[in-house]
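Analysis of the macromolecular model
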Amino acid sequence: MNHNSVEPVSDDLWTVMSTATAVRRYRDEAVPDQMLEKCLTAASWAPSGGNGQPWRFVVLNSPELRALVTTAAQRTWEVMKDFYRLPDVTDSADDPKSRTLRTMAEHMRVGGGAPALVLFCVQPQRGTTELQQGGSVFPAVQNFLLAARSQGLGAAITLWQDACDAELRRIVGIPDTWKVATLVTVGWPRGHHHRVRRKPLADVAVRDHWDRPWTPQPV
């Protein structure tokens, strides 16, 4: 199949960034290793503290690992439903919240059945907080997401790994001194990419003072 004829690719950075939404519903179609390698290469180009590059990207292919992820994803959904008191959504409900909940439920039901799974791990650097450690791995995650979008793929960040941490570490052989930052699902979207929906810039950017919205200065 000519993938480009189904989901357009883009080399324009602004288009990629403004349409790199979280994609959680995938077609039943494999992601070629060559495309996944481009995403991994982009991840390896990311900045990190002291250029230490304290990361490891683990592609999960084995049936055992995929089954483990599926169980963890489904367990996570049940916990989320209980914690957030999420309602059961009927197939006929078509409001934005219902569509989002259906997509989330399907994503976690499929779990490790997503076309591709990548685990992002980070080795904590001495004297750094957990937030600072994240600064040395999540830029790599973002590079990965943008590279996926630029090739017409879709991807989503998950935290399913927390529900199977001990067994995942044992099977993969993750050292105790490393942290697992996130698990990313990747695949060909069922549907189309669209522009991200975000707050107005005036609500999130300020100049000099917390309550002084950013406005561009006259030239």
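Predicted model only: the values in this text are computed from it and were never measured.

Under the UniProt annotation, the feature "domain: Nitroreductase" (unreviewed entry) is placed at residues 22-188. The span residues 22-188 carries 45% helix and 16% strand; its end-to-end C-alpha distance comes to 12 Å.

This brings us to the packing of helix α3 (residues 63-84) against helix α7 (residues 165-172). Describing two packed helices takes the angle between their axes plus the distance from one axis to the other. Contact geometry of α3 with α7 gives a least axis separation of 11 Å together with a crossing angle of 170°. It follows that α3 is roughly antiparallel to α7 by the angle criterion. Contact residues: E64, L65 and L68 in α3; E167, L168, I171 and V172 in α7. Considering only residue class, the contact of α3 with α7 consists of five nonpolar, no polar and two charged.

This brings us to the sheet that holds strand β3 (residues 154-158). Overall, antiparallel pairing links the four strands, which are arranged β1-β2-β4-β3 in an open sheet. What marks the edges here is a single partner per strand, and that holds for β1 (55-59) and β3. Averaged over all adjacent pairs, the angle separating strand axes in this sheet is 25°, with direction ignored. Bridge count between strand β2 (residues 116-122) and strand β4 (residues 179-187): seven bridges; the pairing is antiparallel.

This next bit is on the nonpolar core. Counting residues in each nonpolar core, the largest one holds 28 residues, and the members touching the most others are L60, W77, M108, L119, C121, L168 and L183. Looking at this core, the elements that each hand over two or more residues are α3, α4 (96-110), β2 and β4. The dominant element in this core, judged by the number of residues it contributes, is α3, at seven residues. In this view, M108 contacts T70, A73, Q74, T76, W77, M80 and W160; residues no more than four positions away in its chain are not counted. Ranked by size, the runner-up nonpolar core spans 26 residues in total, among them A43, V118, L145 and V186.

Quick look at the packing of aromatic side chains now. The final tally for this structure, using the stated rule, is four aromatic pairs. Centre to centre, the rings of F57 and F120 are 5.2 Å apart; their planes meet at 55°, and the pair counts as tilted. Remark: F120 occurs in strand β2 and F57 occurs in strand β1; sequence separation between them is 63 residues. A relative accessible area of 18% places F57 in the buried class. Aromatic side chains F120 and F144 sit 5.5 Å apart centroid to centroid with 85° between the ring planes, which places their arrangement in the edge-to-face category.

Conventions used here
Residues numbered from 1 in each chain as written. Predicted model: local features only at pLDDT ≥ 70, side-chain atom pairs only at ≥ 80, totals over all residues. Heavy atoms only, no water. UniProt positions renumbered as here; feature names shortened; annotations may be inferred. Helix = DSSP H or I, 4+ residues; strand = E, 2+ residues; numbered from the N terminus. Axes fitted to C-alpha atoms, helices over the stretch in contact; angles between N-to-C directions. Parallel < 35°, antiparallel > 145°, perpendicular 65-115°, else oblique. Contact = heavy atoms within 4.5 Å. Nonpolar A, V, L, I, M, F, W, Y, C, P; charged D, E, K, R; others polar. Pairing = 2+ DSSP bridges. Core = buried A, V, L, I, M, F, W, Y, C linked by side-chain atoms within 4.5 Å. Buried < 20%, exposed > 50% of the residue type's maximum accessible area, 1.4 Å probe, protein only. Phe/Tyr/Trp six-rings, centres within 6.5 Å; stacked < 30°, edge-to-face > 60°.

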